[in-house]
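Analysis of the macromolecular model
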Amino acid sequence: MRLTQGTFSFLPDFTDEDIRLQAQYAIDQGWAVSVEYTDDPHPKNSYWEMWGHPMFDNPDAAAVVFEVNECRKEHGGKYIRVIAFDSTPGWESIRMSFIANRPAEEPGFKLIRQECEGRTVRYTIQSYASDRPEGHRYA
Amino acid sequence: MSAKDTTVSSTVDLAEVFKESGVQDVLRELDEELIGLAPVKDRIRETAALLLVDQARRDMGLATETPTLHMSFTGNPGTGKTTVALKMADLLHRLGYVRKGHLVTVTRDDLVGQYIGHTAPKTKEVLKKAMGGVLFIDEAYYLYRPENERDYGQEAIEILLQVMENNRDDLVVILAGYGDRMDRFFQSNPGFRSRIAHHIEFPDYSDDELVQISEKMLDDQNYVLSKGAKAALKEYIDLRRKQPHFANARSIRNALDRARLRQANRLFKTAKGPLNAEQLSTIGEEDIRPSRVFRGGLDVDRRPEGDRA
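Residues numbered from 1 in each chain as written. Chains lettered and ligands numbered in written order. Predicted model: local features only at pLDDT ≥ 70, side-chain atom pairs only at ≥ 80, totals over all residues. Heavy atoms only, no water.

1. So, the overall build of chain B
Put simply, the rule is: Counting from the N terminus, the helices are the DSSP runs of H or I reaching at least four residues and the strands are the DSSP runs of E reaching at least two. A contact between two residues is defined here by any heavy atoms of the two lying within 4.5 Å. Method for areas: the Shrake-Rupley scheme with a 1.4 Å probe, in which residue coverage is limited to the protein chains shown.
A tally of regular secondary structure across chain B gives 15 helices and seven strands. Counting only C-alpha atoms and orienting by the principal axes, one finds that chain B spans roughly 80 × 55 × 30 Å. Residue pairs at least 24 apart in sequence account for 74% of intrachain contacts in chain B once pairs closer than 6 positions are excluded. Accessible area of chain B: about 16100 Å², with a carbon and sulfur share of 48%.

Below, the structure written as structure tokens:
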């Protein structure tokens, strides 16, 4: 199952040039771009591991592509996303986030139905990959 | 190639491309703002022509590779290497070879770390900052210290070489430094020599050029030299050149800064009543003559007063 999170996730995978153009847009807006990775892609897991510091003072997006590729070397089998943080007062949050790398195989999520009192059913989803310990989830 | 030329239907008007690119403005600025440096200006004009033709060829599909643009600027201190690097960044930006056209100036300290594992992130950080622009490494030979085999400079050099090769589209590296030491640096690091296409040498300024430069510097700050001051300055330049640590235009700038200081002091001490604009902006002979250079320069013991040369 293909993971769809953040912006552009229903589009085909981005090439480096696509990543560069999007990151350049974010930089031109004055947002700080950073690279993050994870092997726990649950939609509620908003804190991914940071790959280096956010790039506050790089005027060109080639640096972002460079870092994405460095991250791929180390964590090529995991999810890597590029996020753009807007520090403008009143916003101070992520403006843009898109997936730049995904594992070769995405097993998807298991839906668990918990039957409760009466006819209540509680739903939860769990990534099949997260059965295994961290670091061993995607081959 | 000529056979190929005839098969391409579209043509290119180089004069038109030249005009559109705005390169002309940069070259004109270069001519107007920088005095002397004729060989440097020639080389830059040649480089600009080469890049322009190369771009036209690429537009027609005749060339595909990005040419190697890394450069080395060699010359004595104060000969305008940093200033020209700024212009070069602008030029490359207008020609479309770098995307942003900013100049990041660094020295050894910015690239080399202090302990194991510190150098690589530091160098990469600088390289990332320079992407889309020009990285200017001043006194690049300090990166290589053969006397200490565990020096971290070597690590920085390796990362630099790798990025210079793999990210050629993303940044242009300019290495700068004194001629003889750069030659030795290139000899011991053949990887650099082969990755650098343009070696530009900066000649020393002649005395007349230095006088022109000082007049221009003063003019920018709305000062003028009196007649006597100009003669004194000529003499000063001649004497200063023979003394140690002569740094061309930089020495002159420092000398002028001190002359301004003396002028201010003189006005304070001698002024009786209100001063007009002319008095405030004229540097007289008496502001230049007290310089230590006229008394044999650095061999004279340091004096506590503000007249250090």
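Still more to cover.
2. Things to note about the UniProt feature "domain: AAA+ ATPase" (unreviewed entry) in chain B
The criterion, for reference: UniProt positions are given in the numbering used here, feature names are shortened, and annotations may be inferred rather than shown by experiment.
The positions that UniProt labels "domain: AAA+ ATPase" (unreviewed entry) are, in the present scheme, residues 67–202 of chain B. Regarding residues 67–202 of chain B, the helix share stands at 44% and the strand share at 18%, and the terminal C-alpha atoms are separated by 23 Å.

3. Let's talk about the layout of surface pockets
Residues and elements named next belong to chain B. Rule in force here: The pocket and cavity definitions rest on a 1 Å grid over protein atoms only: a 1.4 Å probe that fits but cannot leave marks a cavity, an open set with protein on both sides within 12 Å along at least five of seven lines marks a pocket, and residues lining either have an atom within 4 Å of a point. Grid points are joined across faces, edges and corners, and a volume is the space filled by probe spheres set on the points. Three categories are distinguished: nonpolar for Ala, Val, Leu, Ile, Met, Phe, Trp, Tyr, Cys and Pro, charged for Asp, Glu, Lys and Arg, and polar for the others, with Gly belonging to the last. In this entry, domain limits derive from an automatic or database-based domain assignment.
Approximately 600 Å³ is the volume attributed to the largest pocket. Taken together, 24 residues form the lining of the largest pocket, with G78, G80, T83, A249 and R253 sitting closest to its centre. Of all the secondary structure elements, the ones that give two or more residues to the lining of the largest pocket are α5 (81–94), α11 (207–220) and α13 (248–270). Grouping the amino acids of the lining of the largest pocket by side-chain chemistry returns eight nonpolar, seven polar and nine charged. Here the lining of the largest pocket gathers at least three residues from each of two domains, domain 1 (3–202) and domain 2 (207–295).

4. Here we look at the interface of chain A and chain B
Rule in force here: By buried area we mean how much accessible surface two parts lose on assembly, using a 1.4 Å probe and totalling the loss over both. For salt bridges, the criterion is a side-chain nitrogen of Lys or Arg within 4 Å of an Asp or Glu carboxyl oxygen.
In this assembly, 13 residues from chain A lie in contact with eleven residues from chain B. Between chain A and chain B lies a buried interface of about 1100 Å² when both sides are counted; carbon and sulfur atoms form 56% of it. At the boundary of chain A and chain B, one finds five salt bridges. The shortest N-O distance in the salt bridge between E70 of chain A and K124 of chain B comes to 3.4 Å. For the side of chain A that touches chain B, the elements supplying multiple residues, two or more each, are α1 (16–28) and α2 (62–75) of chain A. No other element matches the five residues that α2 of chain A contributes to the side of chain A that touches chain B. Taken together, the residues of the side of chain A that touches chain B break down into five nonpolar, two polar and six charged.

5. Quick look at the side chain of T123 of chain B
Among the secondary structure elements, T123 of chain B is positioned in helix α7 (residues 119–130). Setting aside anything within four residues of it in sequence, one finds T123 of chain B in contact with L111, A156 and I159 of chain B.

6. Thoughts on empty space enclosed by the protein
On inspection of all chains with the given rule, the structure shows three cavities of 30 Å³ or more. Of the volumes computed, that of the largest cavity is approximately 70 Å³. Considering the residues around the largest cavity, the lining is formed by R2, T7, F8, S9, L11, P12, D13, F14, F98, I99 and R102 of chain A. Residues that form the lining of the largest cavity fall into these classes: six nonpolar, two polar and three charged. If you add up the space inside the second largest cavity, you get close to 50 Å³. In this structure, the second largest cavity is lined by L233, Y236, A255, R258, A259, R262, D287, I288 and S291 of chain B. Secondary structure elements with two or more residues in the lining of the second largest cavity: α12 (227–242), α13 and α15 (285–288) of chain B. Per element, the largest residue contribution to the lining of the second largest cavity is four residues, and it comes from α13 of chain B. Along the lines of polarity and charge, the residues of the lining of the second largest cavity split into five nonpolar, one polar and three charged.

7. A few points about the pattern of salt bridges
All names here are of chain B. Formally: Burial classes: relative accessible area under 20% of the type maximum marks a residue as buried, over 50% as exposed, and values in between as partly exposed (1.4 Å probe, protein chains only).
Applying the stated criterion to the full structure yields 38 salt bridges over all chains. Taking the shortest distance from any N to any O, the salt bridge between R195 and E165 comes out at 2.9 Å. With R195 in helix α10 (residues 190–195) and E165 in helix α8 (residues 153–166), this pair connects stretches of sequence that are 30 residues apart. Judged by relative accessible area, R195 falls into the partly exposed class, the value being 23%. On the accessibility criterion, E165 (34% relative accessible area) is partly exposed. The salt bridge partner of R266 is E286, with a shortest N-O separation of 3.5 Å.

8. Regarding unusual backbone geometry
All names here are of chain B. The phi torsion at H245 lies on the positive side, around 60 degrees, for a residue other than glycine. Secondary-structure assignment places H245 in the loop between α12 and α13. Positive phi values are uncommon outside glycine, yet N248 reaches one of about 45 degrees. Its place among the elements puts N248 in helix α13.

9. Some words on the packing of aromatic side chains
Selection criterion: Each Phe, Tyr or Trp ring, with Trp reduced to its six-membered ring, pairs with another whose centre is within 6.5 Å; inter-plane angles below 30 degrees give stacked pairs, above 60 give edge-to-face pairs, and intermediate values give tilted ones.
Inspection of every chain in the model, using the stated rule, returns twelve aromatic pairs over all chains. When the centroid spacing of 5.2 Å and the interplanar angle of 40 degrees are considered together, the rings of F8 of chain A and F14 of chain A count as tilted. Look at F14 of chain A and you get buried, because its relative accessible area is 15%. Measuring from ring centre to ring centre gives 5.1 Å for F73 of chain B and F202 of chain B, while their planes differ by 50 degrees; the resulting arrangement is tilted. Here F202 of chain B lies in strand β5 (residues 198–202) and F73 of chain B lies in strand β1 (residues 71–75), a separation of 129 residues in the sequence.

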